[in-house]
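These are the residues of each chain, in order.
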Amino acid sequence: MWKVAKEGCVRCRVTNFFKRKSNARKFSTNQDVVASADVVIIGGGIAGCNTLYQLTKRGVNAVLLERAKLTSGTTWHTAGLVWSLRPCDLEVRLLRDSRNVYSNLEKETGEHAGWINNGGMFISRSKVRTQEYMRLHTLGKAMDIPSQVLDPNEAQKLFPLLDPSIFKMALYSPEDGTIDPTMACNALVKMAKKNGGKIYEDCPVLDIHYAHNLLGNKEVTGVRTDKGFIKTKCVVNCGGAWGGRIARFAGVPSLPLIPFKHAYVVTESIPEIRNCPNIRDHDVNLYIKIQGETCQVGGYEDNPIILDQVSDSQQFHLYDLDWDVFNVHMNSAASLCPKLGKIGIKSTVCGPESFTPDHKPLLGEDPNVFGLYHNCGYNSAGMMFSAGCAIQMAEWVLKGRPHYNMFTFDIRRFTPAQMSRAHWLRESSHESYVKNYSIVFPNDERLAGRDASHDALHQELVDNGAVMQARAGWERPAFYMPGERIRVQQYDWGGTHDYPRNLDQRYEDILKGEYTFGFSKHHELIGQEALNCRKRAALFNMSYYGKFYLTGPDARRCAELALTADLSKNDDRVVYSLLLNEKGGVEADVTVSILDGGSGQLHEPIFKGRGYYVVTSGFSANHTLAHLRRIIQTYKLRATITDVTKHMCIMSIQGPDSQRILQRYTNAGLSNDAFPVNTHRSIRVSKAPYSPENKTYTCRALRVSWSGELGWELHVPSSHAVQVYSALNSAKGLANAGWRALTSLSAEKGYHLWNADLRTDDNPVEANLSFACRKDGEYIGNESVTKARKNGVTKKYAYFTLDDKVALFGQEAIFRNGEPVGYLRRGDYAFFLDKPIGIGYISNKGSEVTKAYLNDGNYEIEVMGKKYKANLHLKSPFDPNGQRLLGNYGEQKMDENTHEPHAGQNERAGGSE
């Protein structure tokens, strides 16, 4: 067993050592603070030091304020592991950038900056974990990150302490390493000072000043400290576990981060491990860092200790280690490396670390205060990510948007409703900590923070068998299990912290059917929903979509700047449009209904001049809203955005029979002539014909489709949604369908999904969406689109089908003539085509990607280490001419003129349903 050496005053000595080292620094400026700065960074940990370094490197007049000493918060005690592979392309890029920064610091400073490239190894104890590692290995090939698959004996040669009988395989990454936090921060601030940056230690921030501009929006104006006031228009919150407190200085009530106690132990000397790779044994939540001839052993427990708050005066602080909590890691380490069970422990380290509800950092400009940026909440991975993130933060501050697609890190991914719920924050952050090393299944769903936001139809959908999934705090139906009534239960904290386990675990049992890298247990059920839409008709609840009205004297000007589409159409048009940033990257894709006032009801409000009804994906609605408000702020426009998401429900009827079914419930004409594709109007919807009390409800109907079928969206005020849904749900031939089927249908049709195959780092020309961008006008990003049209692009959107029945999820490598040329952004199964489908971007080593280049190649998709022949398509082979959208179903011997009753004839045509 492990032997715990008597520490005496080990932690005290460690603390005093760092204090002396910190006090001896020459980087701090002692006099009063400067009067003004371009950027003020608050927090002198690794995130703040990296941010200062990157900004000053770009010539920015930047100041860093630290209330105590540099690294004195959580940075100084971090283990400092830096890995190369993650199950996400963005994180792989950020890790690569971090390694480049750390490895080059020594060349810049002439001193060792603490970077050690000793490699890293992932240990797999199970078949499914091996599959996850093979996905990482495959993504690494696509992104030029080397890794090797090792059997247990080969792994033991690299790390002699391993017991090869305990695990099945290992994935070795030679570019992994470790970074010493204090040495790295010293090197960063040394270069920052050389570039003109200023650092003030022992300089606590007392307040962040802001003012309301003419449009009523908050703008940062300065920072008050006990050494004076600094005038600035930009503040970067790098406060780590204290980030929420810094945000409150600027009037932001809360940030979604929670501090936890996180610990590791340092062993006595083991000479044979010198220069060995670091270890991650995810199956038992264990990591081992090599530091010379000692090991640092730590992990993530099922019952971590949550801290209510961390004191402002806490610096270079450690807690006593709770062995009842930590012992699980000792036992795991001894099972993997038997010698570790016999070696002594030299010291323990237990300090605060901040964790977020989705285990991603909090970056970017706050949507409530212009000029306030966040760079915190790193989930015990600050050393790994902060150097790469600081590059993006510098771009963010200087150019308005980062170079990479940072949506999954962007503070705007969380809604105000989420952040206002303290219980959501605590339980979701707890689950993030506990599941830190869990297998990342593509279709897994969280148990914490659920059942928070519902649309008006939620209970009816659950009663009809809906199995819910959560996006942006909203519950939406993933698929249906008719006859069942599955309710998401309150989070039971896994039975820890004195919470009893839920008695009803049916939802958890259903999720276990998704714990696979093959086809889901519910694959056939989802497929039936998709085929119902293709062959008959399906009813989708899309109520969680973001819905905004853009009105005001400058609404037209705002729309012309923000939206790429031609908005000079008739008032009844529905236009698909993109919102771009200055670099031409796609910030959102939306449908826009052009309005000219209405009757005063919720779905047709009264306003002067032209207005716009904007609908966008629900999980990114807050991001889209913030982007529009930023444009209004930047251009000083007199325009108003009214969010009616909670007040409107969307019921989408899609499929060959959708027109016949909907016609029974309305007297509005639905033919191509009466109601063309991509138009909208206000219609009346009634209960089933001949029913008593045949009351009608008005709504806005949009003839649009995300499935590629004939269909309509009914945008109904929430107060009437249940009545309209109940009427439609009684229709023969109309089946409920969920989002798993809908996303499959959209991929099969070749429609884009934002933040997957369409992102902020994609130009519309690259994404085959130049048709959505008008060739004249001054919309934001126009120059980049025009340049791409003229000069060509170096990556191009492509669509793949496989003849082999293999599950695709995205992140699989694409090979052209045997060479990796990209990876899938999105994978799914096309149930009508009966083929796996994948969507990705093809590159050409920095050269232009032409149509000839795309067509002149043999393609393969690598799935978990095995290559499958792939068929490339420049557009989806499903209904390439869009005839189904018009109601022309030739293979079914029908078109819109053969089965549609004329307006007013609906009751006589079909009778009662």
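Residues numbered from 1 in each chain as written. Predicted model: local features only at pLDDT ≥ 70, side-chain atom pairs only at ≥ 80, totals over all residues. Heavy atoms only, no water.

Draft legend 1. The arrangement of the overall build of the chain in detail. Check the secondary structure of the chain and you find 23 helices and 41 strands. Considering only C-alpha atoms, the chain reaches an extent of 90 × 65 × 60 Å along its principal axes. Out of the 913 residues belonging to the chain, those deemed buried represent 63%. Residue pairs in contact within the chain that sit at least 24 positions apart in sequence constitute 73% of those at least 6 positions apart. By element, 48% of the accessible surface of the chain is carried by carbon and sulfur atoms, the whole surface being about 33800 Å². (Helix = DSSP H or I, 4+ residues; strand = E, 2+ residues; numbered from the N terminus. Buried < 20%, exposed > 50% of the residue type's maximum accessible area, 1.4 Å probe, protein only. Contact = heavy atoms within 4.5 Å. Areas by Shrake-Rupley, 256 points an atom, 1.4 Å probe, with all protein chains shown as cover.)

Draft legend 2. The arrangement of the nonpolar core in detail. Val39, Leu65, Tyr102 and Met406 are the most contacted members of the largest nonpolar core, which has 116 residues in total. Among the nonpolar cores identified, the runner-up in size contains 92 residues, and Tyr549, Val644, Trp706 and Tyr889 belong to it. (Core = buried A, V, L, I, M, F, W, Y, C linked by side-chain atoms within 4.5 Å.)

Draft legend 3. Inspection of the side chain of asparagine 379 at higher detail. The residue asparagine 379 is located in the loop between strand S22 (372-376) and helix H9 (382-399) in this model. The exposure class assigned to asparagine 379 is buried, which follows from its relative accessible area of 2%. Looking at asparagine 379, its side chain comes within polar contact range of the main-chain oxygen of glycine 377, at 2.9 Å. (Polar contact = N/O pair within 3.5 Å; in protein donor to acceptor, adjacent residues only side chain to side chain.)

Draft legend 4. Quick peek at the environment of proline 352. Positionally, proline 352 belongs in strand S19 (residues 344-355). When the C-alpha positions of proline 352 and serine 380 are compared, they lie 9.2 Å apart, and in sequence the two are 28 residues distant. In contact with proline 352, other than residues within four places in its own chain, are Thr74, His77, Phe260, Leu307, Val310, Gln314, His317 and Tyr319.

Draft legend 5. Representation of the sheet that holds strand S32 (residues 680-686) within the structure. Taken in spatial order, the six strands make up an open sheet running S32-S33-S34-S31-S25-S35, and their pairing is mixed. Looking along the sheet, the strands with just one partner apiece sit at the ends: S32 and strand S35 (735-737). Strand-to-strand, the axes of this sheet are offset by a mean angle of 35°, without reference to chain direction. In terms of strand pairing, strand S25 (residues 538-541) meets strand S31 (residues 648-654) through four bridges, oriented antiparallel. Residue asparagine 541 lies in a different strand from S31, and its bridge partner there is methionine 651. Sitting on the sheet, helix H18 (residues 718-729) touches S25, S31, S32, strand S33 (696-702), strand S34 (711-717) and S35, and the angle it makes with S34 is about 140°. (Pairing = 2+ DSSP bridges. Axes fitted to C-alpha atoms, helices over the stretch in contact; angles between N-to-C directions.)

Draft legend 6. A look at the environment of isoleucine 288. Tracing the backbone shows isoleucine 288 in strand S17 (residues 286-291). Sequence-wise, isoleucine 288 and phenylalanine 326 are 38 residues apart; in three dimensions their C-alpha atoms are separated by 14 Å. In this view, isoleucine 288 contacts Phe159, Asn278, Ile279, Cys295, Gln296, Val297, Cys337 and Leu340; residues no more than four positions away in its chain are not counted.

Draft legend 7. Layout of the pairing of strand S11 (residues 205-212). Bridge analysis of S11 against strand S12 (residues 218-225) gives seven bridges, and the strand direction is antiparallel. Within S12, the residue paired with tyrosine 210 across the bridge is valine 220. Adjacent in sequence and paired antiparallel, S11 and S12 are bridged by five residues, among which glycine 216 carries a positive phi angle near 85°.

Draft legend 8. Local environment of the pairing of S12. For S12 and strand S21 (residues 369-370), the ladder comprises two bridges, and the chain directions are parallel. Note on S21: the bridge partner recorded for lysine 218 is valine 369. Here S12 pairs with strand S13 (residues 228-231) via four bridges, running antiparallel. Residue pairing for S13: arginine 224 is matched across the bridge by phenylalanine 229. The hairpin turn running from S12 into S13, its antiparallel successor, is two residues long.

Draft legend 9. Up close: the pattern of salt bridges. This structure, assessed with the given rule, holds 49 salt bridges. The partner of glutamate 862 in a salt bridge is lysine 141, and the shortest N-O contact between them spans 3.1 Å. With glutamate 862 in strand S40 (residues 859-863) and lysine 141 in helix H4 (residues 127-142), this pair connects stretches of sequence that are 721 residues apart. Among the ionic pairs, glutamate 272 bridges to lysine 339, the shortest N-O distance being 2.4 Å. Of this pair, glutamate 272 sits in the loop between strand S15 (258-267) and strand S16 (278-281) while lysine 339 sits in the loop between helix H8 (323-336) and S19, placing them 67 residues apart in sequence. The partly exposed category is assigned to glutamate 272, whose relative accessible area is 32%. (Salt bridge = Lys/Arg side-chain N within 4 Å of Asp/Glu carboxyl O.)

Draft legend 10. Summary view of the packing of aromatic side chains. With the rule as written, the count across this model stands at 31 aromatic pairs. Between phenylalanine 619 and tryptophan 754 the ring centres are 6.3 Å apart and the planes differ by 45°, which places this aromatic pair in the tilted class. Placement of the pair is phenylalanine 619 in the loop between strand S29 (611-616) and helix H16 (621-635) and tryptophan 754 in the loop between helix H19 (739-749) and helix H20 (782-791), with a sequence separation of 135 residues. Note that lysine 795 overlies the ring of tyrosine 841, its terminal NZ or CZ placed 5.1 Å from the centroid. Lying over the aromatic face of phenylalanine 815, lysine 867 brings its terminal NZ or CZ to 3.9 Å of the ring centre. (Phe/Tyr/Trp six-rings, centres within 6.5 Å; stacked < 30°, edge-to-face > 60°. Lys NZ or Arg CZ within 6 Å of the ring centre and 35° of its normal.)

Draft legend 11. The packing of helix H3 (residues 89-109) against helix H6 (residues 181-194), seen in detail. It is the contact of H3 with H6, at a shortest axis distance of 10 Å, that shows an interaxial angle of 55°. In terms of their interaxial angle, H3 and H6 are classed as oblique. The element H3 and its partner H6 pack so that their crossing is left-handed. Judged by residue contacts, Val101, Tyr102, Leu105, Glu108 and Thr109 of H3 engage Ala184, Ala187, Leu188, Lys190 and Met191 from H6. Of the residues contributing to the contact of H3 with H6, the split by class is seven nonpolar, one polar and two charged. (Parallel < 35°, antiparallel > 145°, perpendicular 65-115°, else oblique. Left-handed = near helix turned anticlockwise from the far one by under 90°. Nonpolar A, V, L, I, M, F, W, Y, C, P; charged D, E, K, R; others polar.)

Draft legend 12. Highlighting the sheet that holds strand S30 (residues 640-643). Spatially, S27-S28-S29-S26-S30 is the arrangement adopted by the five strands of the open sheet, whose pairing is antiparallel. On the outer flanks of this sheet lie strand S27 (574-580) and S30, each paired with one strand and no other. Each strand axis lies, on average, 30° off the axis of its neighbour in the sheet, ignoring direction. In this sheet, S29 lies alongside strand S26 (residues 546-551) in antiparallel orientation, the contact comprising five bridges.

Draft legend 13. Structural detail: unusual backbone geometry. Despite not being glycine, asparagine 275 has its phi angle at roughly 70°, a positive value. Summarising the element assignment, asparagine 275 is placed in the loop between S15 and S16. Classification of asparagine 275 as exposed rests on a relative accessible area of 66%. Positive phi is not limited to glycine here, since asparagine 768 has a value of about 60°. Tracing the backbone shows asparagine 768 in the loop between H19 and H20. Judged by its relative accessible area of 25%, asparagine 768 falls in the partly exposed class.

Draft legend 14. Up close: H9. Between its first and last C-alpha, H9 extends 24 Å over 18 residues, near the 26 Å set by a 1.5 Å rise per residue. At glycine 388, H9 shows its strongest bend, of approximately 30°. Just downstream of H9 lies glycine 400, where phi reads positive at about 90°. (Expected span 1.5 Å × (residues − 1). Bend = angle between axes of the 7 residues up to and from the residue.)

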